[in-house]
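# Tertiary structure, described
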Amino acid sequence: MPKSWFLRFGLITGLLFLYIPIILLIVLSFNDNRSVSVWSEFSFRWYGELMRDDQLLSAAWLSVRVAFISASFAVVLGTLAGMMLARFGAFKGRALFSGMVSAPLVMPEVIMGLSLLLLFVSMEQVLGWPEGRGMLTIILAHITFTMSFVTVVVQSRLVSMDASLEEAAMDLGARPAKVFFVITLPLIAPAIVSGWLLAFTLSLDDLVITSFVSGPGSTTLPQIVFSSVRLGLSPKVNALATIVVTIVAIGIICAGIYNARQEKARQRDEQMAQQGG
Amino acid sequence: MAETVQSEMRHTGFLGLLQRVGLSGRALVVSVPYAWLLLFFLVPFLIVLKIALAESQMAIPPFTSLIENVEDLKYQITVTFYNFHYMVTDDLYIVAYLNSLKIAFISTICCLLLGYPVAYAIAKADPKWRAPLLMLVILPFWTSFLIRVYAWIGILSNNGVLNNVLMWLGIINEPLQILYTPVATYIGITYSYLPFMILPLYSTLEKLDNTLLEAAADLGCPPWKAFLTITLPLSIPGMIAGALLVFIPATGEFVIPELLGGPDTLMIGRTLWTEFFNNRDWPLASAVAVALLLFLVVPIMIFQNVQGKQGGHP
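Residues numbered from 1 in each chain as written. Chains lettered and ligands numbered in written order. Predicted model: local features only at pLDDT ≥ 70, side-chain atom pairs only at ≥ 80, totals over all residues. Heavy atoms only, no water.

Bringing the domain arrangement of chain B into the picture now. In many analyses, interface size is given as the accessible surface area lost on bringing the parts together. Residue and element names in this part refer to chain B. Each domain of chain B was delimited in the assignment, giving domain 1 (2-77) and domain 2 (91-311). Between the C-alpha centres of domain 1 and domain 2 the distance comes to 36 Å. The interface of domain 1 with domain 2 comprises 11 residues on the first partner and nine residues on the second. For the domain 1 and domain 2 pair, buried surface summed over both sides reaches about 740 Å², with 79% attributable to carbon and sulfur atoms. (Domains from an automatic or database assignment. Contact = heavy atoms within 4.5 Å. Buried area = accessible area lost by both parts, 1.4 Å probe.)

Quick look at the structure:
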């Protein structure tokens, strides 16, 4: 904790602002009453209703599949793009490429969604593919906007990492592909994992781009949530929010503990290496 | 050992094959993500521009095509600026643009005012506290954006938590109308984008050279003055990066004004959505998108400059 009372106050205010709404959702998810201002009794009623909502469950299943596939492709493309930007130096069209990679980070989603939909419609007119809109078009759109986030994560890891190991392997005669798979990939693995998780979460949560590119038969979880909260409060969403927050918190805490252990092990190894030498 | 040799041989074989067809590994690595982004990011903008110049019609797809085959080998290109003209003459669009810029700007300032002390406090905290505190800032970002916006409906509504607390404290006698007003939109945007402001600010403040502050203190400079003349100016790059990360997406925001703002909280992302989904006027929606993009070109260019510098270039 910082010493000055002003900083302490600022920090606590900021964190309270971030957490009060989330804590409130969790508390309300156990309230038997529909209203936010009346607490009737503790119950799992809304969780029960959530589990019986088939439309919502099938949308959630679609969202998970879309997020899994998109994140996996986005990780491959994003890692390649991160390699290009961090290690390839100058190549033809580098400025355009780095522009195309970083623009989706800030591009308003309505523009991305509309432009991708118009692309799919035009492609269907000219090539006959993709036929109609549905899971495939959602996946293509999600790969496109999530790969930028993977690229940033992988690129910053590569930039902060010393290139000397890779150079040494090259000097010893390893081919570039071998250097990548044997040296670079294991070193950037944590960045790739967090890139995948980030892409998965962003895909799972996306509403605007999905609304543009989805078809009548493919409704994702955020679309269901949006149509139910557009009309006001919906206690089932509180229960859903609690489940999401619990999963995310467990995941982040596990990742944090794992990272701290890795860091400790690394420090120990370094100390032992120094003592040994 | 035998395995490694074999895998190496396979590599040679595979790479050799690629080289025979005239592709080096490097070219292959470059071409895949490049081609993907060209097809799914750049080409779509050209199509948006094309459709913004078309006319709306009752058909599938609901717009006229620019190039028409009038007779054999004779094509006619019809371009209409009707959509752009319509946008300039109808007040709705100009008001929505200006309002979006205003809302995005005020929310960015709120994020800065709220986020700076948090980022500064984390940067000044004991190193062992920094990682957990940063984790606390990042955690909400990983939970659903939609759900976090929705949470504010329960807080701000007329019989919501905030009004109940204020009435219980005796500060107000009847509920304040906050939900479905622009104020709710400011709160929603500030809340949703706050981590994007804190993280770049933190990474700038954390790298700040402490010896400068020590030198200032040795020379008798009071802490507040050292902050104003050293820390604040040196953290400007972080402020710019954070401000752009908030301002640009906030300008085109749809979900927050839709859920928290009232019917009169006009924002351009919402207008685009209505034109597209409710009025099915794809050409007009495209024209709105082109105009929004023109507004954002300068901030996006600055963002890419900042991003490029942070990303580093060997």
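Before going further, it helps to examine the interface of chain B and chain A. At the junction of the two partners, chain B supplies 91 residues and chain A supplies 94 residues. Where chain B abuts chain A, roughly 8500 Å² becomes buried across the two surfaces, and 81% of that area is made up of carbon and sulfur atoms. For the pair chain B and chain A, the number of links is one salt bridge. A salt bridge links Glu 258 of chain B to Arg 230 of chain A; the shortest N-O distance between them is 3.0 Å. At the junction of chain B with chain A, the criterion picks out eight residue pairs in polar contact (both at pLDDT 80 or more). At 19 residues, the largest contribution of residues to the side of chain B that touches chain A is made by helix H2 (residues 25-52) of chain B. Along the lines of polarity and charge, the residues of the side of chain B that touches chain A split into 69 nonpolar, 17 polar and five charged. (Salt bridge = Lys/Arg side-chain N within 4 Å of Asp/Glu carboxyl O. Polar contact = N/O pair within 3.5 Å; in protein donor to acceptor, adjacent residues only side chain to side chain. Helix = DSSP H or I, 4+ residues; strand = E, 2+ residues; numbered from the N terminus. Nonpolar A, V, L, I, M, F, W, Y, C, P; charged D, E, K, R; others polar.)

The subject of this paragraph is the environment of Leu 259 of chain B. Residues and elements named next belong to chain B. Within the element layout of this structure, Leu 259 appears in helix H12 (residues 255-259). By relative accessible area, which is 3% here, Leu 259 ends up buried. Measuring from C-alpha to C-alpha, the distance between Leu 259 and Trp 152 comes to 9.3 Å, with 107 residues separating the pair along the chain. (Buried < 20%, exposed > 50% of the residue type's maximum accessible area, 1.4 Å probe, protein only.)

The subject of this paragraph is empty space enclosed by the protein. If a probe the size of a water molecule is rolled over the atoms, the empty space left behind becomes visible. Following the criterion strictly, the structure yields two cavities of 30 Å³ or more and no others. When its volume is computed, the largest cavity comes out at roughly 100 Å³. Lining the largest cavity are 14 residues, and of these Leu 28, Val 36, Leu 233 and Asn 238 of chain A together with Tyr 150 of chain B lie nearest its centre. For the lining of the largest cavity, the secondary-structure elements that each account for two or more residues are helix H1 (5-28) and helix H11 (235-276) of chain A together with helix H6 (145-156) of chain B. Tallied by class, residues from the lining of the largest cavity come to eight nonpolar, five polar and one charged. Taken as a whole, the second largest cavity encloses approximately 40 Å³ of empty space. If you trace the second largest cavity, you find it lined by Ile 22, Leu 25, Ala 241 and Val 245 of chain A together with Thr 143, Ser 144, Ile 147 and Arg 148 of chain B. Elements represented by at least two residues in the lining of the second largest cavity include exactly H1 and H11 of chain A together with H6 of chain B. (1 Å grid on protein atoms, 1.4 Å probe; cavity = no way out; pocket = protein on both sides within 12 Å on 5 of 7 lines; lining within 4 Å. Points joined across faces, edges and corners; volume = space filled by probe spheres on them.)

Right, let's talk about helix H8 (residues 176-205) of chain A for a bit. In this model H8 of chain A runs just 37 Å from its N-terminal to its C-terminal C-alpha over 30 residues, more than 12% under the 44 Å that 1.5 Å per residue would give. When the local axis directions of H8 of chain A are compared, the greatest deviation, roughly 55 degrees, occurs at Ala 189 of chain A, which is followed within four positions by the proline Pro 190 of chain A. (Expected span 1.5 Å × (residues − 1). Bend = angle between axes of the 7 residues up to and from the residue.)

Under the feature "transmembrane region" (unreviewed entry), the UniProt entry names residues 7-30, 59-83, 95-123, 135-158, 179-202 and 237-258 of chain A. With 93% helix and 0% strand, residues 95-123 of chain A has its two end C-alpha atoms placed 27 Å apart. (UniProt positions renumbered as here; feature names shortened; annotations may be inferred.)

Residue and element names in this part refer to chain B. Sheet topology note: the strand E1 (residues 67-71)/strand E2 (residues 74-77) ladder contains four bridges and is antiparallel. Bridge pairing in E2 places Glu 68 opposite Gln 76. Hairpin geometry of E1 and E2 is characterised by an intervening segment of two residues between the two adjacent antiparallel strands and by a positive phi of about 60 degrees at Leu 73. (Pairing = 2+ DSSP bridges.)

Residues and elements named next belong to chain A. Tallied over the full model, the rule gives six salt bridges over all chains. Between Asp 53 and Lys 236 there is a salt bridge; the shortest N-O distance is 3.0 Å. Of this pair, Asp 53 sits in the loop between helix H2 (45-52) and helix H3 (54-87) while Lys 236 sits in helix H11, placing them 183 residues apart in sequence. You can call Asp 53 buried: its relative accessible area is 15%. The salt bridge partner of Glu 166 is Arg 87, with a shortest N-O separation of 2.7 Å.

Our next topic: unusual backbone geometry. Omega for the bond connecting Trp 129 of chain A with Pro 130 of chain A falls within 30 degrees of zero, at -5 degrees, which places this linkage in the cis form. Within the secondary structure, Pro 130 of chain A is located in the loop between helix H5 (109-127) and helix H6 (135-160). Despite not being glycine, Tyr 180 of chain B shows a phi value in the positive range, around 65 degrees. By the element assignment, Tyr 180 of chain B lies in the loop between helix H7 (161-168) and helix H8 (182-207). Here the phi dihedral of Arg 280 of chain B falls at roughly 50 degrees; this positive angle occurs in a residue that is not glycine. Along the chain, Arg 280 of chain B falls in the loop between helix H13 (268-278) and helix H14 (282-311).

All names here are of chain B. Interaxial distance between H6 and H8 falls to 10 Å at its minimum, and their mutual angle equals 140 degrees. As the angle between them shows, H6 and H8 are arranged oblique. With respect to the hand of their crossing, H6 and H8 are arranged in right-handed fashion. Judged by residue contacts, Phe 145, Arg 148, Val 149, Trp 152 and Leu 156 of H6 engage Ala 184, Ile 187, Tyr 191 and Ser 192 from H8. (Axes fitted to C-alpha atoms, helices over the stretch in contact; angles between N-to-C directions. Parallel < 35°, antiparallel > 145°, perpendicular 65-115°, else oblique. Left-handed = near helix turned anticlockwise from the far one by under 90°.)

All names here are of chain B. Taken together, the side chains of Ile 236, Ile 240, Leu 294, Val 297, Val 298, Met 301 and Ile 302 present a nonpolar region at the surface, about 640 Å² in accessible area. Taken together, the elements giving at least two residues each to the nonpolar patch come down to helix H11 (236-251) and H14. Element by element, the count of residues in the nonpolar patch is highest for H14, at five residues. Topologically, Ile 240 is positioned in helix H11. (Patch = residues over 30% accessible without salt bridge, like charges linked within 9 Å, V, L, I, M, F, W, Y side chains within 5 Å. Areas by Shrake-Rupley, 256 points an atom, 1.4 Å probe, with all protein chains shown as cover.)

Residue and element names in this part refer to chain A. Contact pair helix H7 (residues 164-171) / H8: the axes reach a minimum separation of 10 Å and the direction vectors enclose 155 degrees. Our classification of the angle between H7 and H8 gives roughly antiparallel. Regarding H7 and H8, the two cross each other, and that crossing is right-handed. Along its contact with H7, which presents Leu 165, Glu 166, Ala 169 and Met 170, the element H8 presents Pro 176, Val 179, Ile 183, Thr 184 and Leu 187.

What follows covers the packing of aromatic side chains. Each pair of aromatic rings is reported with the distance of its centres and the angle of its planes. One pass over the structure, following the stated rule, counts 34 aromatic pairs over all chains. Aromatic side chains Phe 141 of chain B and Phe 196 of chain B sit 5.1 Å apart centroid to centroid with 85 degrees between the ring planes, which places their arrangement in the edge-to-face category. Placement of the pair is Phe 141 of chain B in helix H5 (residues 127-142) and Phe 196 of chain B in helix H8, with a sequence separation of 55 residues. Between Phe 276 of chain B and Trp 282 of chain B the ring centres are 5.0 Å apart and the planes differ by 20 degrees, which places this aromatic pair in the stacked class. Of the two residues, Phe 276 of chain B and Trp 282 of chain B, neither departs from the other in class, the shared state being buried. Through successive ring pairs, a cluster of aromatic residues spans Phe 212 and Phe 226 of chain A together with Phe 63, Phe 254, Trp 273, Phe 276, Phe 277 and Trp 282 of chain B. (Phe/Tyr/Trp six-rings, centres within 6.5 Å; stacked < 30°, edge-to-face > 60°.)

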